[in-house]
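Survey of secondary and tertiary structure
Okay, here's what each chain looks like letter by letter:
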Amino acid sequence: MTEPYQGLPDQSADPLVETSRRTMITGVSAAALFAPAVAGWATQAQAQAAASAEDEAFMKLALDEARQGDYPFGTVITKDGVLWASGHNSGRTEQDPTAHGEMVAIRNFLTKHSAADLAGTTLYTTGEPCAMCMGAILWSGISRLVFAASVDQMATKIDQIMISSAALAEVAKFAPISITGGVLADEAMALFE
């Protein structure tokens, strides 16, 4: 990465509505994506909003990262509208089963910034994180997760651990996080063709 990505429109005029729960699910058809996971806490998803232009712009960068990987998963980490780190899946190339796009991006972030700097960041990823990656996201203190294709969508193409990010976030009371799903999901799914 040579220079931080900037120049996206200010989205502060459209803040997310606070809920009484610590985790909020927003995004394109979030209720359908997470119906099994959120059946017990439907009021938590009341503040559903469409993805912002900034979300789509950063997801396009994550899709570009995915095209560079040895498997179609890419991730970018942003803070205050600036790209801070990126990564793509390199598990096959590096013979490292933990080298998923999210893990690589977090590691790349930590090579230049402190772990404390992860607070207030947003992680964009082309596929809903697996249990390992979602655990790392929660332990890292990342404030917001935005993903493209859901676990259920990806399971039509590849083997998946069938647990949603929302379900993992719900049991991690120590790590408040906002989750937006379905941003450019069709484009992410097309990478599996």
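1. Points about the overall build of the protein
Along its length, the protein carries eight helices and six strands. For the protein, the N- to C-terminal ordering of α and β elements is β-α-α-β-β-α-α-β-α-β-α-α-β-α. A separation threshold of at least 6 residues defines the contact pool for the protein, and within that pool the share at least 24 residues apart is 61%. For the protein, the accessible area works out to roughly 9100 Å², and carbon and sulfur atoms hold 55% of it.

2. Here we look at helix α2 (residues 53-68)
With 16 residues, α2 extends 24 Å from end C-alpha to end C-alpha; this agrees with the ideal 22 Å at 1.5 Å per step. By the burial criterion, the buried members of α2 are Glu 54, Asp 55, Ala 57, Phe 58, Met 59, Ala 62, Leu 63, Glu 65 and Ala 66. Buried residues along α2 sit in contact with β2 (74-79), β3 (82-88), β4 (122-127), β5 (144-149) and α8 (185-190).

3. Examining the pattern of salt bridges
Inspection of the entire model under this criterion finds five salt bridges. The closest approach of N and O atoms between Asp 64 and Arg 67, which form a salt bridge, is 2.9 Å. Residue Asp 64 and its partner Arg 67 are located together in helix α2, separated by three residues, close to a single helical turn. Under the relative-accessibility criterion, Asp 64 is labelled partly exposed at 39%. With a closest N to O distance of 3.3 Å, Lys 173 and Glu 170 form a salt bridge. On the accessibility criterion, Glu 170 (12% relative accessible area) is buried.

4. Observations concerning helix α5 (residues 131-140)
Those residues of α5 that fall on the buried side of the exposure criterion are Cys 133, Met 134, Ala 136, Ile 137, Leu 138 and Ser 140. Count one or two residues on from α5 and you reach Gly 141, which has phi positive near 80°.

5. What about the layout of surface pockets?
Computed from the structure, the second largest pocket encloses a volume of approximately 280 Å³. Tyr 71, Phe 73, Asn 89, His 100 and Gln 160 are, among the 17 residues lining the second largest pocket, the residues nearest its centre. Partitioned by chemical class, the residues of the lining of the second largest pocket number eight nonpolar, five polar and four charged.

6. As for the packing of helix α4 (residues 101-112) against α5
One can describe the packing of α4 onto α5 by two numbers: an axis separation of 8 Å at closest approach and a directional angle of 30°. Taken together, the axes of α4 and α5 are roughly parallel relative to one another. The segment α4 lies against α5, with Glu 102, Met 103 and Ile 106 engaging Met 132, Cys 133, Ala 136, Ile 137 and Ser 140. Residues of the contact of α4 with α5, tallied by class, amount to six nonpolar, one polar and one charged.

7. Focus on the pairing of β2
Of all six residues in β2, six are buried; the element is thus mostly enclosed. Counting the residues in the hairpin turn of β2 and β3 gives two residues, including Asp 80, whose phi is positive at 55°. Sheet analysis places β2 next to β4, joined by four bridges and oriented antiparallel. Bridging across to β4, Ile 77 finds its partner in Leu 123.

8. With respect to the state of the cysteines
Applying the stated criterion across every chain yields a total of zero disulfides. Of the cysteine sulfurs around Cys 130, a residue in no disulfide, the closest is that of Cys 133, at 3.7 Å. Taking the relative accessible area as the measure of exposure, Cys 130 reaches 16% and is therefore buried. Note on Cys 133: relative accessible area 0%, which makes it buried.

So, how was this worked out
- The written sequence of each chain sets the order in which its residues are numbered from 1.
- In keeping with the predicted nature of the model, local features appear solely for residues at pLDDT of at least 70, side-chain atom pairs appear and are counted solely at 80 or more, and the whole-chain, interface and lining totals rest on all residues.
- Hydrogens are left out, water is left out, and the side-chain values use all remaining heavy atoms of the structure.
- Under the DSSP-based scheme used, a helix requires at least four consecutive residues in state H or I and a strand at least two consecutive residues in state E, with every element numbered from the N terminus.
- Here a residue-residue contact requires only that any non-hydrogen atoms of the pair lie within 4.5 Å.
- The Shrake-Rupley method, run with a 1.4 Å probe sphere, supplies the accessible areas, and residue values consider only the shown protein chains as cover.
- An expected span of 1.5 Å times one less than the residue number is assigned to each helix.
- Think of it in three bands: residues with accessible area under 20% of the maximum for their type are buried, residues over 50% are exposed, and the middle band is partly exposed, with areas taken using a 1.4 Å probe on protein chains only.
- One side-chain nitrogen of Lys or Arg within 4 Å of one carboxyl oxygen of Asp or Glu is enough to make a salt bridge.
- The rule is simple: put a 1 Å grid over the protein atoms alone, call a set of points where a 1.4 Å probe fits but cannot get out a cavity, call an open set with protein on both sides within 12 Å along at least five of seven lines a pocket, and count a residue as lining if it has an atom within 4 Å of a point.
- Grid points are joined across faces, edges and corners, and a volume is the space filled by probe spheres set on the points.
- Each residue gets one label: Ala, Val, Leu, Ile, Met, Phe, Trp, Tyr, Cys and Pro are nonpolar, Asp, Glu, Lys and Arg are charged, and the others, such as Gly, are polar.
- Here an angle of 0 to 180 degrees is reported between the N-to-C directions of two axes, which are lines fitted to C-alpha atoms, with helices fitted over the stretch in contact.
- Here is the rule for angles: anything less than 35 degrees is roughly parallel, anything more than 145 is roughly antiparallel, 65 through 115 is roughly perpendicular, and the remaining ranges are oblique.
- At least two bridges found by DSSP between two strands is the condition for calling them paired.
- Cysteine sulfur atoms that come within 2.5 Å of each other are treated as a disulfide pair.

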